[in-house]
Amino acid sequence: MTIVNSKGIENGTAGVVNSLFVAEAWANWGFYGVLISPIIVGMVIQIIFLFFLTHKKTPFMVGLFTYISIKLPVTGGFNDFIYNAVMFSIIIILFVTYLIAKSVKKERQKNYANNISSSIAT
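Residues numbered from 1 in each chain as written. Predicted model: local features only at pLDDT ≥ 70, side-chain atom pairs only at ≥ 80, totals over all residues. Heavy atoms only, no water.

A. Quick look at the packing of helix α2 (residues 21-54) against helix α3 (residues 59-71). Here α2 crosses α3 at 165 degrees, and the two axes come no closer than 11 Å. Looking at the two axes, α2 sits roughly antiparallel to α3. As for how α2 packs across α3, the hand of that crossing is left-handed. Every residue of α3 that contacts α2 at Ile48, Phe49, Phe51 and Phe52 is listed here: Met61, Leu64, Phe65, Ile68 and Ser69. (Axes fitted to C-alpha atoms, helices over the stretch in contact; angles between N-to-C directions. Helix = DSSP H or I, 4+ residues; strand = E, 2+ residues; numbered from the N terminus. Parallel < 35°, antiparallel > 145°, perpendicular 65-115°, else oblique. Left-handed = near helix turned anticlockwise from the far one by under 90°. Contact = heavy atoms within 4.5 Å.)

So, in structure tokens, the structure goes:
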């Protein structure tokens, strides 16, 4: 901030400067943060993209992929990749939706099997 807004620092009115996640990693953890942050950010982004590439493309999944792609904090900060409540919420919602869909599918298959067996019996 001293380079970008030195007068703001003198006046006590300096805010923040958005930059890539590496800048926040440098500010919080120094040299080790700069070394580790690209690995962590790369792993998180790759895991997210591989998840969507390997699963069925439904409207829900495409919408979720779009939302996550737009909201990834690559230009916001490194801490958002570590302590991101929105991503945890999305993961929980996705997991709950998956469980509900699985149980509905199982129930439909059971009802279908019962209907077929009752129609064969009559």
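B. The arrangement of the nonpolar core in detail. Counting 15 residues, the largest nonpolar core has Val41, Ile48, Phe52, Leu64, Ile68 and Leu72 as the members making the most contacts within it. Of all the secondary-structure elements, those providing two or more residues to this core are α2, α3 and α5 (85-121). Considering every element that reaches this core, the biggest residue donor is α2, with six residues. Excluding residues within four positions of it along the chain, leucine 64 makes contact with Phe52, Ile90 and Leu94. (Core = buried A, V, L, I, M, F, W, Y, C linked by side-chain atoms within 4.5 Å. Buried < 20%, exposed > 50% of the residue type's maximum accessible area, 1.4 Å probe, protein only.)

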